Every structure is written in C-alpha cells, then in structure tokens.
Amino acid sequence: MVPNAHWSIPLLPAALIAASRRYLTRHPWQTWLSIVGIALGVAVVIAVDLANESARRGFRLSVEQVAGPATHQIESADGRIPVAIYARLRLDHRLRLATPVIEAPVRIGERSITLLGLDLIAAAPMRPALLAGAWAGNAAGPDGAVDLAATLIRLLSKPDTLLLSATDAAAVGAERGDPIEVEIGRDAVAMHVAGVLPDQQGQTFGGLAIADIATAQAVLGTPDSVERIDLILTDAEATRLAAALPEGLRLATTAQRTNALAQMTRAFHTNLTAMSLLALLVGGYIVYNTMTFAVLQRRSLLGTLRMQGVTRAQLFALVLAEALVLAAAGALLGVLTGIAVGAGLVQLVTRTINDVYFQLNVRSLHLDWLSLSKGIGLGIGVTLLAALGPALEAARSQPRDVIRRTLVEQRGRRLLPWLAAGGVAVILLGLVLIPLSGRSMTWGFAALFLVIVGASLCMPLVVRLIAALTTPLFGGLFGSVGRLAARGITASITRSGLAVAALAVAVAATVGVGIMIGSFRASVSDWLEHTLSSDIYIATDDGGGAGSDASLPTGLHQRLLALPGVEAVSRGRSRRVETPDGHMRLLALTSSTGQPRGFEFRGEPAPELWARWRAGELVLVSEPYAYRQQVGVGDRLRLFSTAGWRSFEIGAVFQDYGSDSGTVILPLELYAELWNDTGVSSMGLVLADDTDPARAEAAVQTLAASLSPPASVQTNRGIRELSLEIFDRTFTITEVLRLLAIGVAFVGILSALMALELERSKDYAVLRATGMTRGQLRRLILLQTSLMGIAAGVLAIPLGVAMGDLLIQVINLRSFGWRMPLQVTPGTLVSGVLLAWIAAVIAGLYPALRAARAAPARALREE
Amino acid sequence: MDATTTAALAVEGLGKSYAEGNQRRTVLADVSFEVAPGECVALLGRSGSGKSTLLNLLAGIDQPDAGDVRIMGQSVTAMGEPALTLLRRRHIGFIYQFFNLIPTLTVAENLSLPLELNGARAARRRERIAELLGKVGLDGREGAFPDQLSGGEQQRVAIARAIIHEPALVLADEPTGNLDAQTGHRVLELLAHLFRDEGHTLILVTHSREVSEIADRIFAVDQGRLSEHTESLSW
C-alpha cells in the first residue's frame, strides 16, 4: 500500500489540474469561442451600464451645474414668474441667498448647450465656485493685465455676452472676446464670449453658457419674467416662505425637482438594462452549452477518473474551476470591449435623452468602478451558474461510463421525453409567474427566462423528430450522404440537440427583439396615422412642444380659416405640468368640430365624455400615466395650476406613445382660465376634400413666414416621418444591443457546432477509410450543419414570437406603460431562419475542410 | 487456501439479471468463489457470457440482485458511493482493453494521478514512477503523451498505473484485446512477471485461452454460471 495514504488529499490534485489545463489548450477554438462568448455578454452589460451610469452622472452634474448649491426653488404653474414678484419676495422675506433663473437649450456651433441666465450679483454668494472659476479663467486679459472687474462689467453691461466653459469654447473655436452665433430654436442671435470658465477638479461647466439674467431675458424674449427662483434656505425659512407664497407659486426642494426629472428617464434606463441582461442571458446559455459540451465530450475520461478513485466532489470542482478560468478570461476581455462599446453607447443614450426627455450638458463616458465590478461579477456569476449543471453532470459520471461508451447516448435519448415534459412545466411556471408578479420588472424578466429555459429543454426532442422526419427527404435528395447527415444528428442527439437549442435560443432572442421593435414601430405609425387628424400643422418656431412658452400670434386662427381650401382649424397648447408624482405633459385642445378626433381609448370612457370634457368636468389621461399611477376612469388627478393645486376627474384613458411620463388633455378654455395663459402653440388645419394639399401648404407657408417670429409648418406626412425618424434614433441603441446579441449567438453556435463536428473526426475517418471522397465528406458535414441550422431557425420562430410577445406585454409595458399589439412580419421570421442557417453553415465550414483534409489513419488512431 | 487468511476477494451467491421487454434475462446466477492474496485468477468466457458483468460487480460499479462481494473482508455491495470511491482509489487497480489513459496527461502524470489521489508525497511519487517505468520498459518516456505511444506502450503504461499505488486487487478486462498477437504476447509476459514480482492479486477477464494461461486458476463463465477448470495452469 502507499504509505501515509491517510494524509489530507487536495481537492484538485496537480495531475487533474494539468489534465484540465491541457484540455483547454488542446481545444483552442472551443476555449477561445467560450471566452469570446462570455466576453461579449460581459461587454454588453458593462457597456450599457457604463452608458446608463454616465448618463445618470451627466444628469446629476447637469442638474447640479444648473441648480448650484440651491436647496429650494420657487416655481410657477405656467413656468413664468414676473420680475416684480421676485423683487417683492426678495424684499418682503429678506431672501439674501436667492437668484432668479432662466434656462433654455441652445446650440453653439455643433454643440447643444444650456443657456443659464442668473442674477450674477445675487448668485455670487450662492455660487462661489462658478464665480471663482470665472475669475480664475479670466484673471489675465489678452494683454496679460489683471482683468477681473472688466469681465464682470462686460457681462452685466453688454446685452450680448456670455461665459463659456473652456471645453466648449475650444470645441467651437472661440476665445474670450470672440463673437459667436447662438441658435435659439430656429433663430440665431449674435453674442460675444465675455470669458472662459476653466474646467477645475471636481467642477466642470461643460455644456453650460452663463449669462446675466437680463441678457438671457433679452435673447429668449421674456423681458418681464423669470423661469424660477433658486434659493438657499433653512427648513424653518422654507416653511415660512412656502406659506406666504402667492397663488400659482410653489416652493419645491431641489431634491424633489431632481427626482421628478430623474423619474422621466428611469423607465428608459430600466429598459436598456433589461436588454443588456437579455444579451447576458443568451451569453450565459452559451456558456452552459459550452461547459456541457466539455463534460459530454469527456464523459468516458471522467468515468476513467472515477474508476481511479476521483470523487464526485473533485469532478464537480474541476468543471467549476475550468468555468472560472474561462469566466475570468472572458470577463477581462469583456471589460476592455465593454469600455470601448460603452464610449459609443453613451453618445446614443444621451442623444436619446436629449431627443425625448431633456438636455444633458455632460455626455462623456465615466468609468464607474461599480459598473465594471457589476459586469465582471455578473459574467463570472452567470458563467459559474451556467457551469453548475454540467458540473453536476460530471459529478454524476459513473465509472461504468468508461466501459460502455454508447450508454451516455442511450441514456440521453431515454431522457429526452422527460426533459421535454420538464420544459413544458418550466414554460407553464413562467407563464403563471407573469400575472402573479404584478408590475415587477425583475419577476417579469424571470418569467421570460423560464420560458426560454423551458423551450430549450423541449428542443432536443423536437430536433430528434425533425431529423427523423427529414431523413427520407434528405435520402431522396442527396442519397446516402443525405441519410447519413440526418441520422448523424439523431445518433448524437445529446450534443447535436444542445447545439441546436443554443443556436435557436440565440436566434430567438434576436427575432424577439426584432418583433418587439417592429411591433412598436408599427403601433407608433398607426397611432400617428389616427392621432394626426389634421392635414397641415402650424406651430411656434420652437416646435410648440411641452417646454415651449412661445405663442402663435392672436388672430392667426381667423387668418388661417380665411385661406382658400381650409375647412377647419383646431388649436392646442402643450406644456409641462406638476403633479404630486412628478412632471407630466399637459395638452390643452380646442377642436374645429367641438370634439377632438384621433383618440383611441383603452377601456370604456365615462358616459357623455365629450360634453363633460368640454364643460371642464373631466380630463383625459394617457395610458402610461394610468398604468404607472394605477388609475382609471372615475379616479382623480391633481395638477398644479396658477390657481394652485386643482383636482380633475379622469373621463377616459387614451392610447399615447408621445410621452412615457404621461399626458393629460384639457379643453383649451379651462387651461387658459386655470393657467392664466391664453396663448396657443400649435394649430391643425383640416382641408376641404377638393383642395390641392400642395397649394394649401404653400399658402400656409407664406403666411407663416410673414409672422413675427416666423412659425413652422409641417404637413401631416412630414410630422409622421419626423416622428418615426426620432423613433428609429431612439431605438438605435436597442438595434446595437440586438447586433451584439447576434454576435454572442454566432460565437455560441460556432463553438457548439465546431466542437460537435471535431468530436466526430473519428466517424468521418471511418467513412473516408470505407471509400467516401473528400468532397462527399465535406458535403455530408455541410448538409448536417445545414439541417441543424434550419432546425434551429424553425425552432427559433415560435420561441422568438413568444419572446417578442413577452417583451411587449411584460417588459415594455412594465418599463414604459405602453400597450401595443404583437405584429409579426414574415421578413423577421425568414431572416431568423436564414440567420440560423448561415451561422450553422459557416460554423460547419472549418470542420468540413479539416475532416476532408485529415488522414483517415491518423484520425482512426486518435482516441 | 488457508482458512485463517482473509481472502483478497470473496464472492458469495452473486446473481444479476436485466429487464428485456417484459421478461428478465439472467446474466449471472449464484456465482461464488474466493481469491487469495497474490493469486491470479482468469475468468474465461465467450462474448455475452456475463464475464464483464461479473467484473463490474466485483469493482462495485454495478449492483447485484443477490449475493455479496467482499474485498479484503469489506462488503462491496453494502457500501455507499463515497466508500466505494475510496475503495477503488486505495485497493483496486484497473487495466482496460482500450487503455483509457488520460490523453491530456503525460505518461508520468498519468502514473502520478493515483498516487496524488492517495495523498502520496512528491518525492515518493517520483521514486515510484521511475521504478514502475523501469519495470514496464518505458524509461525515458515520462514526458510523452498517450497519442505519442504505440498501443503496446499505452497498455504498459496502463498496467503500471493499475499497480502504482499497490492495490490489493487488480481487475483486467481483456488487457490484450486491442493489441496485435505479438504485442499482446509481450504485454502478457510483462503482466505475468510484474504480478509475480509485486505479489498483487489479479482478476483477468478474457475470452482468450492464451491469456488465461498465465493464471493460477481459471473459471469458465458460461450462460451466467461459473465453473472452475480442474486443470491448474502455472506460469
């Protein structure tokens, strides 16, 4: 006997580790593809997380830049506070640390910048960093002389001056004293750079142009009012001031305001995270597939080890250790790729936020260690989780596996119906989880995961059936080579079934996301079709959106009606309003027909809806608002008006894809009364049936151009095209993620099929030895991979449609509150099958060439 | 055999059958025999006679329907999986028809594995590997991988691996079945000399009368029944 056999035995003896290491290095393709698969999954998560975090940080910094150290803001319901009220409040309440503020999005050169108007004297004690920066950057004038006072005097006295950050100034090629053109809406205003703010440690002014309040009022055309008042107050001061504010003004804390803004993009960020997790999920499945392959391929070897006394725990640890090595390498590669991809994604994310929500001044990639750690942790965690099954499978290896090689395959075949039955049960569990999980995104995602896992468990049995059914067809078409190709799949179903399932899941993910985007786009297009009920729209020059204060000239309504061919004109006012739960969009309408058209209601509206709406008794709310706040017809909604908080009864919930933060619709007359605003920001023209639309549009264009300031004109079709363009831009990032998921899928199938085909080298050698030509062997392998690809594509269709449906009905609904019908185009399905087939054929190319080149004697000898 | 000596292997009333459709096919019926320490026993039989099933039952990798197998006095049939693993690791060595060397380990590493699993120190492992490689005539091939060896060489490594940890019992399943006649003969000679030198107990499963001739005793397995050849063959 071996002496000292009772000594403690290491968990993994050196020889086992060496065997494992050499297995990985002797299968470089498989090892690298696994690493790349994990890396892509990690990269997607890190890239999206970095982009999300950078956008959030950009948002926080943008808010901090604009709000400064203010603790509170005085806001008005109509977004305008008369200068006289500011002056009175400052005097009456001795508000020492208070400054009026105006902010507006502008463009300087190619850069989107926030113009921030402040009372520079009043703001000085509140924003020492800003002013210190201003002086630090402008201490020396062009001639080298100290020029502190001159900068301030220039800003205060010259009506066309502003301060730019050093980064922005460099980007637009402007220096102190240079003239610049500032685009405000469609207008361009000539201004001068009074000074340049240096980027200091911990304080950046990038994306901000600071002007004196009077300058901002002048260039923005609001000479008598400011947007809000920023203050630094103690709690006691805040309580006293809030009680004394006149009607129509309210005191909000900076945190409330920041939260309300953050709330607007929360769904957007959540959805992006969900999409990145989907990519990781596909990546995880591929890791599972890879590790299972590694175990199945070595089944006989594992049996030999068990015969020699290697314990189950040691085999379990061995497989997990291999997975850990792959995961660590994949995570490292994934971090580097993720940072590179994240730099691109952050531009897409911030562009979408700027397009849809609000302007972000800070848009650079921020390397957040938490995001990197999260990506690495998820990558390693998912890999280990995915390797758990194969590790358990390895631990279950029986010593007798070494003696009967066909036993595994036979046992696997017997297990197929049970696996499929288990799969159906898992799918049902997922489906049951959906209604039980309420509105939880996490559980919604868990349900999606269960459906994917369940479907993949059913796939090997279906693949076996497909292969059995197609054997006569392939035999008829390609002779014995065709029969061999089809039968080869059933002969090694434990592995071929797994490879097909991996490809099918990956392709289904891309089909599902494609269906989701397609359905969404089609729904938005349909919605625009029935919502845009006028033929031509005229709006204030800034587009008349929710952030706009501008109005169309009084009397324009009549002038438009007088134009030839104009049958009716409807009017609208859009603005952002406060609710106790944050901002929402208010749309005040009046209709040419007395009843607004183009609404599609969700559920039954209140009786006599339009009459009661016109009477101001009811309002309409959009579906996202109703979903998020869990309100419906008969419930009440509170809005902050110039007359203070007002409560409205909800008369109907309407379909709306315009804003995920919610829209409320009021009659224009009621809005004018409660918000003290008789302005109109857009008008819709309905043309008579016999009118030439081009001539009518030309007439409206001429009239709009003659207005001061000129108004913008869009046809119904123009607005639809523009809206869909913004939609496509918003979904660019989702498309990028979809492409990355396809990348993960391709790597996965390449890995699985290559491993499978390489494993069959000996069988192919036997065929070559019995007289099969190289060409016949190549054809056999490519036929086999083609059949597997097509089977995967066919299986991916129902799963892809189910995933698309779940993404729409569960993930999207819970993210944004939008409901939409599932719309499947044949193109999406055909492209899914083609993708699977092409991926499989490409994956089969190398093994086909290798097998055809191999000397049969050598392959036969290699065991 | 001396009744006071513990048998290396004792088999008592062993029975095994498999389901075939609605019926059961008896593979082994009431098999009993004992093997003394240092003895070499051959189980001779045609394909399908039940000899491989018997070997599996002896190694504890299959469970009998009836009877008991005792190795060094310990009942294999009563053992749980962890105890069986330990038993195989410490007391049993295997020689397979298809060698079953670990392809990703060198010759020395293949030999080292059973020793490592038994917790032997590195110095002891090196010493024992060198000793065994010398005995099987593979000096200087420590660094070779299995696919760089001929079939005969691979089987010699497999033999060395089976005895390197000095097991109480070595089970060999058709050890020359995958070799040509000349190589098979050399391997058989090696097996006979090695086991005589090291004094291991060997159970040899074979269909070849030539192979069985190296055994002290021969049992014929036919239709699940065991009968001892009265004619004793010596080395």
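To continue, consider the overall build of chain A. A tally of helices and strands in chain A yields 27 helices and 20 strands. By residue count, 50% of the 863 residues in chain A fall in the buried class. Sequence-distant contacts in chain A: of pairs separated by 6 or more residues, those separated by 24 or more amount to 84%.

The subject of this paragraph is the environment of A:Val824. Residue and element names in this part refer to chain A. Within the secondary structure layout, Val 824 lies in the loop between helix 25 (774-816) and helix 26 (826-853). C-beta crowding within 10 Å serves as the criterion here: with 17 such atoms nearby, Val 824 is assigned to the partly exposed category. As for Val 824 and Asp 805, which are separated by 19 residues in sequence, their C-alpha atoms are 9.7 Å apart. In this view, Val 824 contacts Ile 515, Val 801 and Leu 829; residues no more than four positions away in its chain are not counted.

With that settled, consider the environment of A:Val507. Tracing the backbone shows A:Val507 in helix 16 (residues 493-531). In this structure the C-alpha to C-alpha distance between A:Val507 and A:Ala839, which are 332 residues apart in sequence, comes to 9.8 Å.

Quick look at the sheet that holds strand 3 (residues 40-44) of chain B now. Residues and elements named next belong to chain B. Overall, mixed pairing links the six strands, which are arranged 6-7-8-3-9-10 in an open sheet. If you trace the sheet from one side to the other, it starts and ends with strand 6 (92-95) and strand 10 (225-228), each paired once. Across the sheet, the mean angle from the axis of one strand to that of its neighbour is 20 degrees, orientation sign disregarded. One ladder, built from four bridges, connects strand 9 (residues 217-222) with strand 10; its direction is antiparallel. Paired with Phe 219 across the bridge in strand 10 is Glu 228.

Quick look at the nonpolar core now. Most often, soluble globular proteins keep nonpolar side chains buried together rather than apart. Counting residues in hydrophobic clusters, the biggest one holds 218 residues, and the most contacted among them are A:Val319, A:Val500, A:Leu503, A:Ala504, A:Ala792 and B:Leu204. At 22 residues, the largest contribution of residues to this core is made by helix 16 of chain A. When residues of this core are assigned to domains, at least three fall in each of domain 1 (10-76 + 260-404) and domain 3 (407-420 + 455-533 + 718-863) of chain A. The residues contacting A:Ala792, other than those within four sequence positions of it, are A:Val500, A:Leu503, A:Ala504, A:Val507, A:Ala836 and A:Ala840. One finds A:Ile74, A:Leu162, A:Met191 and A:Ile213 within the second-largest nonpolar core, a separate group that totals 48 residues.

All names here are of chain A. Within strand 15 (residues 618-622), five of the five residues are buried, which leaves it mostly tucked inside the rest of the structure. Burial along strand 15 is two-sided: the face carrying Leu 618, Leu 620 and Ser 622 and the face carrying Val 619 and Val 621 are both buried. Bridge count between strand 15 and strand 17 (residues 644-654): five bridges; the pairing is parallel. Its bridge partner lying in strand 17, Leu 620 is registered against Ala 652. In the sheet, strand 15 pairs with strand 18 (residues 663-667) via two bridges, with the strands oriented antiparallel. Paired with Leu 620 across the two strands is Ile 665, which belongs to strand 18.

Now for the confidence of the model for chain B. Taken over all residues, the pLDDT of chain B has a mean of 84, while the share at 70 or more is 95%. Predicted as a complex, the structure gets a pTM of 0.68 and an ipTM equal to 0.71.

Now for the packing of helix 3 (residues 107-117) of chain B against helix 5 (residues 151-163) of chain B. Residues and elements named next belong to chain B. Two numbers describe how helix 3 lies on helix 5: the axes approach to 8 Å, and their chain directions differ by 25 degrees. Judged on the interaxial angle alone, helix 5 and helix 3 are roughly parallel. When the axes of helix 3 and helix 5 are compared, the crossing they make is right-handed. Contacts between helix 3 and helix 5 involve Val 107, Asn 110, Leu 111 and Pro 114 on the former and, on the latter, Val 157, Ala 160 and Arg 161. Each residue belonging to the contact of helix 3 with helix 5 can be placed in one class, and the counts come to five nonpolar, one polar and one charged.

Turning next to the environment of A:Val432. Mapping A:Val432 onto the fold places it in helix 14 (residues 406-436). Remark: the alpha-carbon pair of A:Val432 and A:Ala447, spanning 15 residues in sequence, is separated by 8.2 Å.

In this section: the sheet that holds strand 15 of chain A. Residues and elements named next belong to chain A. Taken in spatial order, the nine strands of this open sheet run 16-17-15-18-14-13-19-12-20, and their pairing is mixed. Bordering the open sheet on either side are strand 16 (636-641) and strand 20 (712-715), each of which pairs with just one other strand. Ignoring which end each strand starts from, the neighbouring axes of this sheet average 35 degrees apart. Sheet contacts for helix 21 (residues 693-706): strand 12 (536-539), strand 13 (566-579), strand 19 (682-687) and strand 20; angle to strand 20, the most-contacted strand, approximately 165 degrees.

Turning our eyes to something else, we now look at the packing of helix 15 (residues 441-491) of chain A against helix 16 of chain A. Residue and element names in this part refer to chain A. In the contact formed by helix 15 and helix 16, the axes pass within 8 Å of each other and the chain directions differ by 115 degrees. Comparing their axes, helix 16 and helix 15 come out roughly perpendicular. For the pair helix 15 and helix 16, the sense of crossing is right-handed. Counting all contacts with helix 15, which are made through Ile 452, Ser 456, Met 459, Pro 460, Val 463, Arg 464, Ile 489 and Thr 490, the residues of helix 16 involved are Ile 493, Ser 496, Gly 497, Leu 498, Val 500, Ala 501, Ala 504 and Val 505. Class assignment of the residues belonging to the contact of helix 15 with helix 16 gives a composition of 11 nonpolar, four polar and one charged.

Calculation notes
- Residues numbered from 1 in each chain as written.
- Chains lettered and ligands numbered in written order.
- Predicted model: local features only at pLDDT ≥ 70, side-chain atom pairs only at ≥ 80, totals over all residues.
- Helix = DSSP H or I, 4+ residues; strand = E, 2+ residues; numbered from the N terminus.
- Buried ≥ 20, exposed ≤ 12 C-beta atoms within 10 Å, placed from the backbone.
- Contact = placed C-beta atoms within 7 Å.
- Pairing = 2+ DSSP bridges.
- Axes fitted to C-alpha atoms, helices over the stretch in contact; angles between N-to-C directions.
- Core = buried A, V, L, I, M, F, W, Y, C linked by C-beta atoms within 7 Å.
- Domains from an automatic or database assignment.
- pLDDT = per-residue confidence, 0-100.
- Parallel < 35°, antiparallel > 145°, perpendicular 65-115°, else oblique.
- Left-handed = near helix turned anticlockwise from the far one by under 90°.
- Nonpolar A, V, L, I, M, F, W, Y, C, P; charged D, E, K, R; others polar.

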